[in-house]
Amino acid sequence: VGSGSAVSSSRQVQGTGGSSAVSKCSAAARGYIQDRFLRLLAGRRRRRAPLIHRGYYIRARAVDHCVQDFLLKTQTLPRTQILSLGAGFDSLYFRLKDMGLLHHTVVYEVDFPNVACQKAALIKRMKELSALVGDTEGEGLGAITFSGEDYKLLGVDLSELSELERTLEEAGLNNEIPTLFIAEVVLTYVENTRSDALIQWAAEHFPQACFLMYEQVHPEDPFGRVMQHHFSQLNSALHSLAQYPDCEAQQRRFLGKGWTECSVMDMNEFFTCCIPEDEQQRVHTLEPFDEYEEWHLKCSHYFVLAASKGMEPSWAPLLPNVTVPRHAGPVGMAGSVPAAVCVSLSGIPGLRRYGHRSVLIKPDVILTTGGFGEENGQHCRLRNFHVLSKHAGYWKAACVTQNIPDKRLGERLYHTVSCLSDTLALMVGGRTSPLSAGLGMLWLKFPETCNASDPNDVAVELVSLQPAAEAAALRWRHSTTEMTFKGEQYLFVYGGRSALEPVLGDWYFLHTPELSYTAIAVEGPVPESRHSHSACSWEGGVLIAGGLGAAEQPLGSVFLLRELEHGFQWQTIETHPPLVPRYSHTAHVHEGRLLLVGGVWFHASSVPGITVIDLMTGLCLDYVINVEHLEWPLMLHNHSSVFLPDEKELLVIGGGGNCFSFGTHLNPEPVTLSLSSILISH
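Think of each chain on its own: its residues are numbered from 1, step by step along the sequence as written. Local features in a predicted model are, by the rule used here, given only for residues with pLDDT of at least 70; side-chain atom pairs are given and counted only at 80 or more, and totals for whole chains, interfaces and linings are based on all residues. By convention in this description, side-chain values take in all heavy atoms of the structure and omit both hydrogens and water.

**Student:** Mind showing me how you'd approach the pattern of salt bridges here?
**Tutor:** Close approach of charged atoms lets side chains of opposite charge pair. For this analysis, a salt bridge means a side-chain nitrogen from Lys or Arg found within 4 Å of a carboxyl oxygen belonging to Asp or Glu. Here the structure, examined in full by the defined rule, presents 30 salt bridges. For the salt bridge of Glu374 with Arg352, the shortest nitrogen-to-oxygen distance reads 3.1 Å. Of this pair, Glu374 sits in strand β13 (residues 372-375) while Arg352 sits in the loop between β9 (333-341) and β10 (353-354), placing them 22 residues apart in sequence. Accessibility expressed as a relative area gives 18% for Arg352, which makes it buried. With a closest N to O distance of 2.6 Å, Glu411 and Arg383 form a salt bridge. Here Glu411, found in the loop between β17 (402-403) and β18 (416-421), pairs with Arg383, found in the loop between β14 (378-381) and β15 (385-391); they are 28 residues apart in sequence, far enough to count as distant. Numbering goes from the N terminus for both helices and strands, where a helix is a DSSP run of H or I of at least four residues and a strand is a run of E of at least two. The buried label applies to any residue whose accessible area, calculated with a 1.4 Å probe on protein chains only, is under 20% of its type's maximum; exposed applies above 50%, and partly exposed to all values in between.

**Student:** Explain empty space enclosed by the protein to me, please; I cannot follow it from the model alone.
**Tutor:** Over the atoms a probe the size of a water molecule is rolled, and this reveals where empty space is left. Of the two site types, the cavity is a set of points on a 1 Å grid over the protein atoms alone where a 1.4 Å probe fits but cannot get out, and the pocket is an open set with protein on both sides within 12 Å along at least five of seven lines, each lined by residues with an atom within 4 Å of a point. Grid points are joined across faces, edges and corners, and a volume is the space filled by probe spheres set on the points. Inspection of every chain in the model, using the stated rule, returns 1 cavity of 30 Å³ or more. There is about 50 Å³ of room inside the largest cavity. Considering the residues around the largest cavity, the lining is formed by Asn268, Phe271, Thr272, Trp295, His296, Ala551, Glu552, Gln553 and Phe602. Of all elements in the fold, only α12 (267-274) and α14 (292-300) reach the threshold of two or more residues within the lining of the largest cavity. Top element by residues in the lining of the largest cavity is α12. It accounts for 3 residues.

**Student:** Sorry, what's going on with the packing of helix α3 (residues 50-73) against helix α13 (residues 277-284) here?
**Tutor:** The angle between two axes is taken between their N-to-C directions and runs from 0 to 180 degrees, where each axis is a line fitted to C-alpha atoms and a helix contributes only its stretch in contact. Where α3 contacts α13, the two axes come as close as 12 Å, and the packing angle between them is 155°. Considering the angle they form, α3 stands roughly antiparallel to α13. Handedness of the α3/α13 crossing: right-handed. Along its contact with α3, which presents Arg54, Tyr57 and Arg61, the element α13 presents Glu279, Arg282, Val283 and His284. Each residue is assigned to one class: nonpolar for Ala, Val, Leu, Ile, Met, Phe, Trp, Tyr, Cys and Pro, charged for Asp, Glu, Lys and Arg, and polar for all the others, Gly among them. Along the lines of polarity and charge, the residues of the contact of α3 with α13 split into 2 nonpolar, 1 polar and 4 charged. In this scheme, roughly parallel covers angles under 35 degrees and roughly antiparallel covers those over 145, while 65 to 115 is roughly perpendicular and the rest are oblique. Crossings are classed by handedness, with left-handed meaning an anticlockwise turn of the near helix from the far one by less than a right angle and right-handed meaning a clockwise turn. Note on definitions: a residue-residue contact is assigned when non-hydrogen atoms from the two residues lie within 4.5 Å.

**Student:** Explanation requested: the pairing of strand β6 (residues 209-216) in the structure shown.
**Tutor:** Note on strand geometry: in a regular strand, side chains alternate between the two faces of the sheet. Burial analysis of β6 places 8 of its 8 residues in the buried class, the great majority of the element. Neither face of β6 is exposed, since Ala209, Phe211, Met213 and Glu215 on one face and Cys210, Leu212, Tyr214 and Gln216 on the opposite face are all buried. Handedness of the crossover joining strand β5 (residues 179-184) and β6 through helix α8 (residues 192-205) is recorded here as right-handed. When DSSP finds two or more bridges between a pair of strands, those strands are recorded as paired. Relative to strand β8 (residues 302-309), β6 is paired through 8 bridges, and the arrangement is antiparallel. In the strand pairing of β8, Glu215 is matched with Phe303. With strands facing away from the observer, any crossover in which the path from the first strand over the helix to the second runs clockwise is taken as right-handed.

**Student:** I'm lost on the domain arrangement of the protein chain in this one. Help?
**Tutor:** Interface size is often expressed as the accessible area that is lost when the parts come together. Where each domain starts and ends follows an automatic or database-derived domain assignment. Domains assigned within the protein chain are domain 1 (2-309) and domain 2 (333-674). Its C-alpha centre places domain 1 at a distance of 41 Å from the equivalent point of domain 2. Facing the 31 residues of domain 1 at the interface are 35 residues of domain 2. When two parts are brought into contact, each loses some accessible area as probed by a 1.4 Å sphere; the total of that loss over both is the buried area. Considering only the surface of domain 1 that becomes buried against domain 2, Asp290, Tyr292 and Glu293 emerge as the three largest contributors, covering 23% of it. Linking domain 1 with domain 2 are 5 salt bridges. A salt bridge links Arg497 to Asp290; the nearest nitrogen and oxygen atoms lie 3.6 Å apart. We define a polar contact as two N or O atoms separated by no more than 3.5 Å, with the added condition that, inside protein, one atom must be a possible hydrogen donor and the other a possible acceptor, whereas residues neighbouring each other in sequence contribute only through side-chain atom pairs. Here domain 1 and domain 2 share 16 residue pairs in polar contact (both at pLDDT 80 or more) between them. Put simply, the parts of the chain that give the side of domain 1 that touches domain 2 at least two residues each are α3, α9 (222-233), α12 and α14.

**Student:** What is the right way to look at the layout of surface pockets in this model?
**Tutor:** Estimates place the volume of the second largest pocket at around 1100 Å³. Residue lining of the second largest pocket: 36 residues in total, with Ser358, Ala535, Ala587, His588 and Ser641 positioned closest to the centre. Secondary-structure elements contributing two or more residues to the lining of the second largest pocket are β11 (357-362), β18, β22 (479-485), β27 (534-538), β31 (586-590) and β35 (640-644). For the lining of the second largest pocket, a count of residues per class yields 12 nonpolar, 20 polar and 4 charged.

**Student:** Could you clarify how one ought to interpret α12 in this entry?
**Tutor:** Given 3.6 residues per turn, any residue in an α-helix points the same way as the ones three and four places further on. In terms of burial, α12 is largely enclosed, as 8 of its 8 residues are buried. Turning to α12, its buried residues number three or more, namely Met267, Asn268, Glu269, Phe270, Phe271, Thr272, Cys273 and Cys274. Elements that come into contact with the buried residues of α12 comprise α3, β6, β7 (261-266), α13, α14 and β8. Put simply, Asp266 is the residue that caps the front of α12, since its side-chain oxygen is 3.0 Å from the backbone nitrogen of Asn268.

**Student:** What's the story with the sheet that holds β5 in this structure? I'm lost.
**Tutor:** Note on sheets: strands pair through backbone hydrogen bonds, and any given pair is parallel or antiparallel. Read across the sheet, 8 strands follow the order β3-β4-β2-β1-β5-β6-β8-β7 without closing on themselves; strand pairing throughout is mixed. Edge positions in the sheet fall to β3 (144-147) and β7, since each of these pairs with one other strand and no more. Here the average twist between neighbouring strands, direction ignored, is 15°. Set on the sheet, helix α5 (residues 113-125) makes contact with β2 (105-111), β3 and β4 (151-155); between it and β4 the angle comes to about 145°. On the sheet, α14 packs against β6, β7 and β8 and is oriented at approximately 30° with respect to β8.

**Student:** Would you mind going over the packing of helix α7 (residues 161-171) against α8 with me for this structure?
**Tutor:** Packed helices, taken two at a time, are described by the angle their axes make and the gap between the axes. At their nearest, the axes of α7 and α8 sit 11 Å apart, and the two run at 40° to each other. By the criterion of interaxial angle, the relationship of α7 to α8 is oblique. Of the two possible hands of crossing, α7 and α8 adopt the one that is right-handed. Across the interface between the two elements, Leu161, Leu164, Glu165 and Leu168 of α7 pack against Ala197, Leu198, Trp201 and His205 of α8. Tallied by class, residues from the contact of α7 with α8 come to 6 nonpolar, 1 polar and 1 charged.

**Student:** Can you help me understand the nonpolar core in this one?
**Tutor:** Proteins that are soluble and globular tend to have nonpolar side chains buried together. What makes a nonpolar core is a set of buried Ala, Val, Leu, Ile, Met, Phe, Trp, Tyr and Cys residues whose side-chain atoms join them at distances within 4.5 Å. The biggest cluster of nonpolar side chains holds 83 residues, and the ones touching the most others in it are Val67, Phe94 and Phe270. With 12 residues, the top contributor of residues to this core is α3. Both of domain 1 (2-309) and domain 2 (333-674) provide at least three residues apiece to this core. Not counting chain neighbours up to four residues away, the residues in contact with Val67 comprise Ile82, Leu92, Leu96, Leu180, Ile182 and Leu212. Among the nonpolar cores identified, the runner-up in size contains 34 residues, and Leu83, Leu168, Cys247 and Phe254 belong to it.

Given below as structure tokens:
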């Protein structure tokens with residue numbers, strides 16, 4: 001390595017190996033992966049967050065799935081070998097040896113010389129490790145830092161191909177036998193010309209070979225930009241993304257460099273298709289979890305690739321073991337919607353939040369409550385309410401103090417707020433942590449004159465509910481919608497999740513204003529349980545769209561709860577083309593059209609923009625949001641939005657989340673989306 005910056009960058013890249021070993025070790029301690037060797041190799045121990053555990057679980061699972069498939073397909077052959085590139089402190093050899101899977105396979109590991117030396121010293125020091133390797137032979141010869149009968153550890157810089165080739169030959173790598181190459185988040189740290197050369201060299205020099213790669217993808221969408229920024233900050237830039245931005249480009253890369261077969265899956269697809277349902281269920285229940293959006297976004301930004309040549313029978317580990325209906329992504333975009341920073345609300349820190357709610361309490365006055373965000377430079381659950389009001393075309397915002405018996409009651413995420421009059425709103429459910437959601441309901445009472453110039457206090461009172469209605473409040477990620485039945489006003493609380501149930505499909509009719517629980521007959525096919533869906537009032541009934549279902553799969557169904565003479569009926573609204581399944585979006589109804597804003601879906605090629613569904617015809621049109629005038633990534637999940645019918649505009653407040661290990665992203669400013677071009681009156 002020549003230049004000083006290259007030295008510091010290679011040091012950072014080596015650091016990523018150490019931190020990933022610590023994360024894998026934490027995931028193993030919580031039961032995500034079975035691996036007793038990680039703790040011996042990781043050194044320091046730290047407990048990571050559930051989102052990190054899931055991320056490293058899926059990574060370990062993808063690699064194991066492919067490695068074990070290779071060993072199974074080649075078990076009748078006399079000899080095979082595995083070459084792990086940039087292996088770091090990985091435990092693969094010890095796990096496979098312990099499971100008795102290496103009868104005729106030699107494992108070669110390559111990493112920077114100092115990493116290989118540290119690992120060699122560690123193995124010699126640890127009885128549990130050295131016992132598995134058995135007798136060592138001729139170690140410490142130049143780049144070979146450790147050498148056992150079926151395990152060789154080599155200290156070489158991967159970007160120096162000729163040196164790598166020479167060392168492998170010296171260590172006994174045999175070009176003539178079936179070889180599996182593994183590159184687990186490694187090649188992207190190497191310049192593209194050098195990683196390309198390595199991929200091509202492997203195909204040219206090994207007549208029977210398989211290549212397994214796990215890496216990042218989709219650099220240009222909002223999550224991808226946060227991810228890229230994180231790695232550049234660490235001085236370990238991801239080189240492959242610019243040239244190979246998606247799975248198809250990576251597939252073409254391998255097929256163009258001498259590999260004859262190549263399949264790729266992003267991790268949402270891998271989790272859904274290659275992991276048995278009972279195992280998915282086991283992982284879902286290992287610890288309290290409520291970061292679905294970031295989990296699915298993380299999974300759509302990593303892929304596993306399996307390429308091969310000369311293998312008989314052919315090697316195809318990424319064949320789905322279940323046939324999951326492949327939901328097509330958006331058919332095409334009907335147009336675009338311009339996004340602009342709402343300048344008059346710019347620079348108000350209290351509006352940088354997610355998991356909050358914003359509601360129009362009267363024309364041009366908005367109340368924003370709850371969520372997680374920024375307060376006095378700290379990230380925390382927010383208890384302050386904000387009132388936003390518009391005067392002479394300009395918005396202003398003010399923080400509102402609450403008269404509240406217990407300050408913590410206002411501090412909640414994923415609740416709902418329904419406005420019942422000019423001076424009264426109701427807050428339902430929500431959670432503090434995924435373990436505590438018994439937050440009940442709150443009345444929010446504000447003066448008729450309430451606005452940002454004269455915010456006054458909001459009086460907050462705990463609602464005492466009759467026992468039959470209590471369960472309605474013990475949930476979050478649900479919906480609460482105003483509706484009418486026989487001319488009377490009701491609130492319809494539907495779905496969500498609770499501390500006990502990962503997904504709910506029940507509902508409650510609460511008569512307002514006293515919130516008494518009322519049994520009303522409902523017929524028709526009951527929608528499947530869901531949370532993080534949207535719900536809007538329409539023609540006295542309720543429109544439910546999308547959501548996350550029981551198996552943590554996004555839903556694409558739209559239902560109308562329609563009033564009949566003696567009760568209600570669930571009615572499916574058929575959309576065509578079919579609505580792309582999504583959740584964590586917001587929704588509004590305008591002149592017979594349902595507008596869905598943002599959300600999360602599994603189609604990594606684009607992010608959800610605005611979808612317009614004509615409720616008469618079912619026609620479903622997708623519009624992309626044009627963000628060229630924003631200087632930062634706009635994350636449209638866990639946001640709130642308010643539709644302003646006179647301006648035909650949407651005001652989007654907050655949004656974002658905890659982006660895996662890449663840091664928390666909060667949309668820094670409210671944004672207006674102009675819908676005038678797409679809402680031309682019928």
